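Secondary and tertiary structure notes
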Amino acid sequence: MRLKTFLILMTFLPGVLLADCLQRGTGDMGVIIERASGSVLVIDTSAHKVLSHVEGLGDLSHASVVYSRDERYAYVFGRDGGLTKIDILCGKIVKRVLQGGNSIGGAISQDGKLVAVSNYTPGGVKVFSSDDLSLVADIPATPFKDKRSKTVGLVDAPDQRFVFALYDTGETWILDMTDPARPALTKFTNTGRLPYDGLITPDGRYYINGLFGEDGLALLDLWHPEKGLKRILDHYGKGEQQLPVYKMPHLEGWAVAGNRAFLPAVGHHEVLVMNMSDWREAGRIPVHGQPVFVMARPDGRQLWVNFAFPDNDTVQIIDSETLKIIKTLKTGKGTLHMEFTPRGEEVWISVRDKDEIQVYDTRTMKLKTRLKAQKPSGIFFTDRAHKTGL
Amino acid sequence: MKCFRFATYAVLCLSLSGGALAAPTADRKAELMYLLAQDCGACHGMRLKGGLGPSLKPEALRQWDAEQLAQTILHGRPGTPMPPWSPFMSHQEALWLAQQLKEGISQ
């Protein structure tokens, strides 16, 4: 009797497991956050298809995702402090931990072994094993009032480091995890007022803080941290009336074309152009509203920009050479995020209030197809796995 | 004048001029609740438990009365990322939202 059961199990179990999981490469896959329902869609960017729907991820407002270096696992950072590891081939949650009260994003280490999460409450950064999500290090932020400073702009950097900013106390910290048992911190306390997000150049050399409380940005050269932070674009917007910001811009990724980098201005309806050889302002492009994401097509030829409320129904496309707006698309209210396919022939755009993803051909700038999604926000393709800072 | 700038929100301007004294209509209430979850939620968390901006749960707002909260909503807090929402809602509507926050929104 027992043997028979065992044999039956032996014949069925492997079949069942395989049938549940896809057998394919993951390089043309990705996930889309459905923020209201706490679920994600696993999608195929070649077939324009939804492959699976994974539920039970908690509060996903402002959620973001990083990938394991084998591009099989997606780590989802939820607003409620949830860190969830998803197997995108099986469309299943592998592991989920509630690691903090309120988190804002995360990063995966250079060697892929550690996942770091940036928390608002309790303010600080926690580092986990990417394998089983066990806690490796807990880095509390500087005390502020009766709490700890919120941490923002967490990115991975070469030499097994993470870099992040402290919003309330205006600091930038480098966290070296070379020896996981002994995390080493380097602190810069003169970042400026209210750093709200940070980004790192694709080569992993420069970390830049966006500041809310003052004009300009703070730049850190990770090849020479001993030189400290340098203030750049110091004068942009000086003396001009600041416009209210109904959604904070995101400094995700690094929009570069040739020698110029492009950033969202804060409190001005402009995209800032910066010369990367001397970090000076090289122009400003007036746009439709407060920019949220300024994303360069992978070849740098175009910039796609979306906007904060009440202009979040629009996307503008800028020619990176002439700095002219070449197209204004009315995508629909709640246009929250954009992601280019790895080589940039398409861009996927989430439109929350239409419950859809719009896929555009970047060359013709025309809509190619739509996919259904419930209140979609972030879109994350697997090629991020191999990009520093993403 | 703001109504022209934010043409897509012209409806709000109408309700502002037309119904400034009356409590918001059921439709308008639904719009305000959507705004609260989605757009206030961008900074305060979709479930209002806090984000870049503080928690807007009743426990966190005990020190303010509804009128004070309405003033914060309408005029923002200069020097912080809290923006003024007066272009998008009337005093009456802000007060109604503030009361919802004080009472707690079941989600």
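1. Observations regarding the packing of helix 4 (residues 66–75) of chain B against helix 5 (residues 91–103) of chain B
Residues and elements named next belong to chain B.
- As a packed pair, helix 4 and helix 5 sit with axes 8 Å apart at the nearest point and diverge in direction by 120°. As summarised for this structure, helix 4 and helix 5 are arranged oblique, according to the angle between their axes. As helix 4 packs across helix 5, the resulting crossing turns out to be right-handed. Residue-level contacts link A66, E67, L69, A70, Q71, I73 and L74 of helix 4 to H91, A94, L95, L97, A98, Q99, L101 and K102 of helix 5.
- Split into classes, the residues belonging to the contact of helix 4 with helix 5 amount to ten nonpolar, three polar and two charged.

2. Structural notes on the sheet that holds strand 3 (residues 49–54) of chain A
Residues and elements named next belong to chain A.
- Reading across from one edge, 3-2-1-34 is the order of the four strands in this open sheet, with antiparallel pairing throughout. Edge positions in the sheet fall to strand 3 and strand 34 (376–381), since each has one partner strand and no second. With direction set aside, neighbouring strand axes in the sheet form an average angle of 25°.
- In this structure, strand 1 (residues 29–34) lies alongside strand 2 (residues 39–44), joined through six bridges in antiparallel fashion. Bridge pairing in strand 2 places I32 opposite L41.

3. A word on the confidence of the model for chain B
Residues and elements named next belong to chain B.
- Per-residue pLDDT for chain B averages 82, and the proportion of residues at 70 or more is 78%.
- Looking at the elements of chain B, mean pLDDT is at its lowest for helix 1 (residues 2–5), recorded as 38, and at its highest for helix 4, recorded as 97.
- Within the model, the stretch residues 1–20 combines pLDDT values under 50 with 24 contacts to residues more than four positions away or in other chains.
- For this predicted complex, the interface confidence comes out at an ipTM of 0.84, alongside a pTM of 0.90.

Each value, and the rule that gives it
Residues numbered from 1 in each chain as written. Chains lettered and ligands numbered in written order. Predicted model: local features only at pLDDT ≥ 70, side-chain atom pairs only at ≥ 80, totals over all residues. Heavy atoms only, no water. Axes fitted to C-alpha atoms, helices over the stretch in contact; angles between N-to-C directions. Helix = DSSP H or I, 4+ residues; strand = E, 2+ residues; numbered from the N terminus. Parallel < 35°, antiparallel > 145°, perpendicular 65-115°, else oblique. Left-handed = near helix turned anticlockwise from the far one by under 90°. Contact = heavy atoms within 4.5 Å. Nonpolar A, V, L, I, M, F, W, Y, C, P; charged D, E, K, R; others polar. Pairing = 2+ DSSP bridges. pLDDT = per-residue confidence, 0-100.

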